[in-house]
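# Survey of secondary and tertiary structure
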Amino acid sequence: MAFIVIFAYLESIQIRFFFSKSFRWFLFTPDAAIGQLINAMLLFVIIGLVIRRFEEKLTLSHALSVFTISLVVYVIGNNILSFLISLAFNTVARNFNFNSLASSNIKYVVDVFVYGGFFLAHYYFHKNQEDKKKISELEKAQIESQLSKLKAQLDPHFLFNNLNVLDQLIEEDQKQASAFLHDFSDIYRYVLQSSDKQLVSLEEELEFAQRYFRLMQQKYGDAYILKVGSVISKGALLPALSLQLLIENAIEHNLGTEKDPVLIELCFEEKSLSIINSLKPKKNSKKNGGRALLNLKSQFQLFGSAEVLVEKSEDKFVVRLPLIFKDAH
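Residues numbered from 1 in each chain as written. Predicted model: local features only at pLDDT ≥ 70, side-chain atom pairs only at ≥ 80, totals over all residues. Heavy atoms only, no water.

With that out of the way, let us pick up the overall build of the chain. Summing up its helical and strand segments, the chain has nine helices and eight strands in all. Counting every position in the chain, which comprises 329 residues, the buried fraction comes to 37%. Residue pairs at least 24 apart in sequence account for 73% of intrachain contacts in the chain once pairs closer than 6 positions are excluded. Total accessible area on the chain is roughly 19,900 Å²; 61% of this is exposed by carbon and sulfur atoms. (Helix = DSSP H or I, 4+ residues; strand = E, 2+ residues; numbered from the N terminus. Buried < 20%, exposed > 50% of the residue type's maximum accessible area, 1.4 Å probe, protein only. Contact = heavy atoms within 4.5 Å. Areas by Shrake-Rupley, 256 points an atom, 1.4 Å probe, with all protein chains shown as cover.)

Another aspect to go through is the sheet that holds strand 1 (residues 200–201). Spatially, 1-3-8 is the arrangement adopted by the three strands of the open sheet, whose pairing is antiparallel. Both edges of this open sheet fall to strand 1 and strand 8 (324–325), since each of them pairs with a single strand only. Pairing of strand 1 with strand 3 (residues 236–238), which is carried by two bridges, proceeds in the antiparallel orientation. Residue pairing for strand 3: Ser 201 is matched across the bridge by Leu 237. (Pairing = 2+ DSSP bridges.)

This paragraph deals with the sheet that holds strand 4 (residues 262–268). Paired through backbone hydrogen bonds, the strands of a sheet run either parallel or antiparallel to each other. What the five strands build is an open sheet, ordered 2-4-5-7-6; its pairing is mixed. Lying at the two open borders of the sheet, with one neighbouring strand each, are strand 2 (224–228) and strand 6 (309–312). Between one strand and the next, the sheet's axes are offset by a mean angle of 15°, whatever the strand orientation. (Axes fitted to C-alpha atoms, helices over the stretch in contact; angles between N-to-C directions.)

Right, let's talk about the packing of helix 8 (residues 242–253) against helix 9 (residues 291–302) for a bit. In the contact formed by helix 8 and helix 9, the axes pass within 10 Å of each other and the chain directions differ by 160°. If you check the angle between helix 8 and helix 9, you find them roughly antiparallel. Helix 8 and helix 9 meet at a crossing whose hand is left-handed. In this structure, helix 8 contributes Ser 242, Leu 245, Leu 246 and Asn 249 to the contact, and helix 9 contributes Ala 292, Leu 293, Leu 296 and Phe 300. Per-class residue counts for the contact of helix 8 with helix 9 are six nonpolar, two polar and no charged. (Parallel < 35°, antiparallel > 145°, perpendicular 65-115°, else oblique. Left-handed = near helix turned anticlockwise from the far one by under 90°. Nonpolar A, V, L, I, M, F, W, Y, C, P; charged D, E, K, R; others polar.)

What follows covers the nonpolar core. Judged by nonpolar contacts, the single largest core of 49 residues is most densely connected at Phe 180, Leu 243, Ile 247, Ile 264, Leu 273, Ile 275 and Leu 321. Top contributing element to this core by residue count: helix 7 (residues 202–220), with eight residues. Beyond its immediate chain neighbours, meaning those up to four positions away, Ile 264 contacts Phe 213, Ile 225, Leu 226, Lys 227, Ile 247, Ala 250, Ile 251, Ile 275, Ile 276 and Asn 277. (Core = buried A, V, L, I, M, F, W, Y, C linked by side-chain atoms within 4.5 Å.)

Applying the stated criterion to the full structure yields two salt bridges. Here Lys 280 ties to Asp 260 by a salt bridge, and the two come within 3.0 Å at their closest N and O atoms. Here Lys 280 is found in the loop between strand 5 (272–278) and helix 9, whereas its partner Asp 260 is found in the loop between helix 8 and strand 4, with 20 residues between them in sequence. Owing to a relative accessible area of 22%, Lys 280 belongs among the partly exposed residues under this scheme. On the accessibility criterion, Asp 260 (40% relative accessible area) is partly exposed. A salt bridge links Arg 320 to Glu 311; its shortest N-O distance comes to 3.4 Å. (Salt bridge = Lys/Arg side-chain N within 4 Å of Asp/Glu carboxyl O.)

The next point concerns the environment of Leu 199. Positionally, Leu 199 belongs in the loop between helix 6 (174–194) and strand 1. Separated by 41 residues in the primary sequence, Leu 199 and Ala 240 place their C-alpha atoms 6.0 Å from one another. Discounting residues that sit within four places of it in the chain, Leu 199 has contacts with Leu 237, Leu 238, Pro 239, Phe 303 and Ile 324.

Turning our eyes to something else, we now look at helix 9. Along its twelve residues, helix 9 runs 17 Å from first to last C-alpha, staying within 8% of the 16 Å computed at 1.5 Å per residue. Among all positions of helix 9, only Ala 292, Leu 293, Asn 295, Leu 296, Gln 299, Phe 300 and Leu 302 are buried. Remark: Gly 304 follows helix 9 within two positions and exhibits a positive phi of approximately 65°. (Expected span 1.5 Å × (residues − 1).)

Further remarks concern the side chain of Glu 265. By the element assignment, Glu 265 lies in strand 4. One buried charged residue, Glu 265, remains without a salt bridge, the closest side chain of opposite sign being Lys 227 at 4.2 Å. In contact with Glu 265, other than residues within four places in its own chain, are Lys 227, Ser 274, Ile 275 and Ile 276. (Lys, Arg positive; Asp, Glu negative; His and termini not counted.)

Turning our attention to helix 7. The end-to-end C-alpha distance of helix 7 is 26 Å, a good match for the 27 Å that 19 residues give at a rise of 1.5 Å each. Listed in full, the buried residues belonging to helix 7 are Leu 202, Glu 205, Leu 206, Phe 208, Ala 209, Tyr 212, Phe 213, Leu 215, Met 216, Gln 218 and Lys 219. Gly 221 sits one or two residues past helix 7 and shows a positive phi near 65°.

Turning our attention to a nonpolar patch on the surface. A surface patch of nonpolar side chains, about 550 Å² in accessible area, is lined by Val 72, Ile 76, Ile 80, Phe 83, Leu 84 and Leu 87. Counting through the fold element by element, Leu 87 comes out in helix 3 (residues 60–88). (Patch = residues over 30% accessible without salt bridge, like charges linked within 9 Å, V, L, I, M, F, W, Y side chains within 5 Å.)

Okay, unusual backbone geometry next. The residue Leu 241 is not glycine, and still its phi comes out positive at about 75°. The buried category is assigned to Leu 241, whose relative accessible area is 6%.

For the rest of this paragraph, the subject is the packing of aromatic side chains. Per the stated rule, a full pass over the model turns up one aromatic pair. Geometrically, the ring pair formed by Tyr 220 and Tyr 224 is edge-to-face, given 5.3 Å between the ring centres and 75° between the ring planes. (Phe/Tyr/Trp six-rings, centres within 6.5 Å; stacked < 30°, edge-to-face > 60°.)

Set out below in structure tokens:
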């Protein structure tokens, strides 16, 4: 608004100077600027009504239609108003000859292009910003909804798998089963706390994965070995339970013994980490066991990060997870 007031004032000075051809004090009086500002406000009202009358669409053709209709309404409206004023003061012949009409209508058209252009540029800029914000909020809501569904699948997966381990321990060693249950309750507390978070820090996830592996050692002893490399990237994030899920998969699908253990390695790079396990497939391995990995891939896709890569050779199974950073979102 301040810009429009200043522009109208400068325009009134320019018009007066054009006709007087000299600098005089009356050039700088604000009365003409006030009149010009009133005309601009009238034009804004017309454009606003035209925009509301037609469906609001952020397209060039819609903007041109609004501009054209507003131009016609503004010019016709000003001519009718000028005629009524001239009729009241008995100056119709002087104000409505060809030269006067041409001059005034050219000014009306210029007003629409100048002030109408300002208004439409401002309106469509803010509408575009609002639409982007709405789209962003909608996408965020959709992502949160989908993540909630995915986590709802992962949490029971974690729970039921470990209840199965507990069930086996109860039959084999009740003392060990009691210790397992105590550790498991601490670990599942983390699962519940992280279920409300979209992402957790790499350090948190790594600490949880190591605690989970120590829990598994109560059941399997040294049949599975976890080797953790040095973390390179600081401030990296991961979907909750990512590492635990992959460690769990390595244990579930591979048969390790103390004489021939399954080695699970966590190797860190600047923008990714790899979970590598030696392949010793169980004979009765589940045929539908890839669902959890597909679920994890879906979570990374929702965050718009790089693809989760899976590689399999004769003796190794590798899953490469892209690290997520806050400044990338």
